[in-house]
Amino acid sequence: MLDFPKWKVWLIALVIAAGVILSIPSLLASTPYASAWPKWLPQYKINLGLDLAGGSHLLLEADAQDALKQRLQAKEDEVATELRRDPRIDIGDISTAGGRLSFLVRDPTQVDAAVERLRRLSQPVALTGNRDWDVQVVDSTRIVLTPSAAGTAQALKDAMGVARDVVRRRIDPGGTKEITVVTEGGNRILVEVPGVEDPEELKRLIGQTARLEFKLVDQSADPAEVQQGRAPPGSQVLPMADGSGFIAVKRRVMVSGDQLTKAVQSFDSQTGAPDINITFNTAGARRFGRATQENVGKPFAIILDDKVLSAPNINEPILGGNAQISGSFTVQSAHDLAVSLSSGKLPVKLVPIEERTVSAELGQDSIHKGAIASVVSVLAVIVFMLVTYGRFGVYANIALVVNAFLILGIMAMFNATLTLPGIAGFILTIGAAVDANVLINERIREEIRRGRRLLDAVDTGYHEAFRAIFDANVTHVISAAIMAYFGSGPVRGFAVVLMIGVVTSVFTAVYFTRMLVALWIRRTRPRELHI
Amino acid sequence: MKLLKLVPDHTNLDFMRWRNLALVLSLIATVVSIGFTVYRGLNLGIDFVGGQVVRVEFQQPVKIDELREKVAQLGVGEAGITTLGNARTYQVRLPKPEGPDSASNQVVSKLRAAIPRDYPGARVDAGESVSGKVSEELAQDSAMAIGLAMLGIAIYIWFRFEWQFGVGALLTLAHDIAMTLGFFAFTRLQVDLNVVAAFLTIVGYSLNDTVVIYDRIREDLRKYRKMAILPLLNLSLNETLARTVVTSLTVLLALGILMLIGPQVIFGLAIAIFLGVLIGTYSSIYISAPVLVWLGVQPDSFLKTGEKDEAEPQTA
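Fair warning: this is a prediction, and the values are worked out from it, not measured in the lab.

## So, the interface of chain A and chain B
Counting residues at the interface gives 62 residues for chain A and 64 residues for chain B. Going through the elements one at a time, helix H6 (200-207), strand S18 (350-358), helix H10 (360-413), helix H11 (420-449), helix H12 (454-486) and helix H13 (489-524) of chain A are the ones with two or more residues in the side of chain A that touches chain B. In terms of residue count, H10(A) provides more of the side of chain A that touches chain B than any other element does, 17 residues in total. Classifying every residue of the side of chain A that touches chain B gives 34 nonpolar, twelve polar and 16 charged. Where S18(A) lies against strand S5 (residues 123-130) of chain B, five bridges are found, and the strand directions are antiparallel.

## Topic: the packing of H12(A) against H13(A)
All names here are of chain A. Packing of H12 against H13 brings their axes to within 9 Å, and their N-to-C directions diverge by 170°. When the axis of H12 is compared with that of H13, the two are roughly antiparallel. The class makeup of the residues in the contact of H12 with H13 is 21 nonpolar, two polar and two charged.

## Section: the sheet that holds strand S14 (residues 274-280) of chain A
Residues and elements named next belong to chain A. Taken in spatial order, the three strands make up an open sheet running S13-S14-S17, and their pairing is antiparallel. Pairing within the sheet leaves two strands with one partner each, and these edge strands are strand S13 (260-267) and strand S17 (322-325). Across the sheet, the mean angle separating the axes of adjacent strands is 25° when strand polarity is ignored. In this structure, S14 lies alongside S17, joined through four bridges in antiparallel fashion. Looking across to S17, one finds that isoleucine 278 is bridged to alanine 323. Contacting S13 and S14, helix H9 (residues 331-342) crosses the sheet at an angle of about 170° to S13.

## So, the confidence of the model for chain A
When pLDDT is averaged along chain A, the result is 86, and 99% of the positions lie at 70 or above. The secondary-structure element of chain A with the lowest mean pLDDT is H6(A), recorded at 81, while H10(A) shows the highest, at 92.

## Here's the deal with the sheet that holds strand S4 (residues 101-105) of chain A
Residue and element names in this part refer to chain A. In space, the four strands of this open sheet follow the order S3-S4-S6-S5, with antiparallel pairing throughout. The two strands at the open ends of the sheet, each matched to only one other strand, are strand S3 (91-95) and strand S5 (133-138). Sheet twist, expressed as the average angle between the axes of neighbouring strands with direction ignored, equals 20°. On top of the sheet, helix H3 (residues 64-84) reaches S3, S4 and strand S6 (142-147); it is set at about 25° to S4, its chief contact. In the packing of helix H4 (residues 111-121) onto the sheet, contacts are made with S4, S5 and S6, and the angle to S5 comes to roughly 175°.

Reading the values: rules and limits
- Along every chain, residues carry numbers that run from 1 in the direction the sequence is written.
- Chains and ligands are labelled by the order in which they are written, letters from A for the one and numbers from 1 for the other.
- Totals for whole chains, interfaces and linings use every residue, but because this is a predicted model, local features are given only for residues with pLDDT of at least 70 and side-chain atom pairs only at 80 or more, for both listing and counting.
- Contacts are defined on C-beta atoms placed from the backbone: any two residues whose C-beta positions lie within 7 Å are in contact.
- Helix and strand assignments follow DSSP, with helices taken as H or I runs no shorter than four residues and strands as E runs no shorter than two, numbered in order from the N terminus.
- When residue character is reported, Ala, Val, Leu, Ile, Met, Phe, Trp, Tyr, Cys and Pro are called nonpolar, Asp, Glu, Lys and Arg charged, and the others, Gly included, polar.
- Should DSSP find at least two bridges between two strands, the strands are regarded as paired.
- As a rule, the C-alpha atoms of each element are fitted with a line to give its axis, helices using only the stretch in contact, and angles between N-to-C directions run from 0 to 180 degrees.
- By definition in this entry, angles of less than 35 degrees are roughly parallel, angles greater than 145 are roughly antiparallel, angles of 65 to 115 are roughly perpendicular, and the rest are oblique.
- Residue-level confidence of the predictor is summarised by pLDDT, bounded by 0 at the bottom and 100 at the top.

As structure tokens, this is what we get:
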């Protein structure tokens, strides 16, 4: 018991010093003394959860239906482009109904060649041995492309990765804010933005897929048929964005938003209405120039997310790679669209399924009340331990305070997030951490009552109590670990504090106090124990 | 300095004498709790049933009826308005709107805009909306987490002690959880994710006492091999009584302070753990220990056959 080597004392002192130094920057944060902390010391800080810092939490889910639709459309473009190349194979009656892409090959002798070229387009899906599209011939002239399950899964995974980056760029174009954007569970994206109290702003930015396409208007279509939703072969019917009816456009995409380099909100030079100025990249500019050159005098449609914004006439070839998009925009909506276009289109539509916001004021209030409650709890427990165990209570109390610093220090070191339930976890840990000392001290009392000598009693007390302390703490860790695994945001913060608290409290309440007791006994050689 | 001794030395209470009465009372309380939970139901927050909640802080006290009327005029559906501690802080709860999940946030925005217009200086402090899909998952995950935690801990106790102790721990936990649920059903306090965190904590902490008492029972079983089981349980309970009282008091002290002066948002969490610790202290004495008697634990139950012959009482 008295055998407490110097190196152990130093090691314990070192751990405690590290804990205190690591915890101070977090305690000073948002007080006027924050700048007084020397720069050469560690600067680790505890993160504040959204419920304390204020901000918005959004959980978005991928619309699987939309993902499939977008994938079919992309495939259609790919197939059309491939078969238009030399030797050209003419196709018609393209349909994406039923989640499959199907079309007729006009010249039956070319069916085999077409299948051959399309099979080459399909990609093997990593590790599954499957290809992403199945190519089949039906009724000897119709080719049907069906997305394979493995291909669809892989496509969703890829799309989520892209979507995550797009969401980040849209919310934080400058890349400077401390936002969290992570994929969760395969088809979800979690967005956390501190400081934003009205999530509408975020949702406006994320809500648009922002798939921009330029297509020629099909002037041959019968207007009456179009309003019925029927389009001539090679064309499709799309609604006008302002709700003024329908319009038939050619299926073939002239240029798409993928070939943009820049989009900024501006104002129409004639009407003064808000619009968006876009700049194509080299390939896009060439394609746009050629398409406008070939179709002077004809109208083309500017299509955003399958709705036609406007269908102006091509008055002259547009060769510089610049274009204006007008529509019935407000300055705000034009700005949002410009941001969305610049950040790229979302490969899949995202739907908010959970949303939580907390104002900075409420967060501040929670921190304030939580801090007061923590301090009062610590004081109350300290007084209680002091009147119950005297000197041994003092040791337990020193351990308690050290424990508080260690919890904060470890949280800071791992850059852990403190949430409001986390504060409750902290207070609970304070209340429960002294349990180890209670167990030890009661055992020492008991052994003394049984007539053991002082040193023997202390030794037995620490030794016998440890088993129960260990078992009890394992049960805490089990429940906290399960909480951390299943819980979301704030609750996970609670579990993290509990787990750290269990580990630090065993260290402070058992090893640290034993050191204090041993040093005291060695120094004063007391005859009797007042406990 | 005269030290405080809440439990005098040589306390010798005959706990086990009342074990059957305690069992009947516990059974009645558990049945009543479960009955309340089933028939009256829990006041589940939007975390588990979906919907929307807005928390508003007003500058001046506002009458709840007046606020209800104002909200009704917005045409946002049937609103449930409750005060949060005082007449300046209210929670407005709205049902989850029909139709696609994405629409669910518009109502919160509506309130966000309308309330500061009607009440200058009022502040929307928090807004939450949870779709039916997410709430279903949260409810499932929570139930699973509590179940797994109970099972995990019971298995751990089984490994560290004997199977009888594992069963005892599981029954104790079930009792504690049922009683706390009953309390929430009775008071209509809202059950949200924080309260589930509290339940998981109860699973860990209410077992704290049980583990300490079991540890002592195991120790005494080895020490006093000739003693009958009931006096032995009494002895172990009395030996650990001082510790049980002091620890429960420190935890209750800290949690009581959190409950009284801590942030209102986590009141539910604080009161649930407070209650769980209180109930857990009782059940560690009157459920955990008697269960061992009913499961037939005897002083020589855990001796291997060879050991039995040479079994002789050790002196402490």
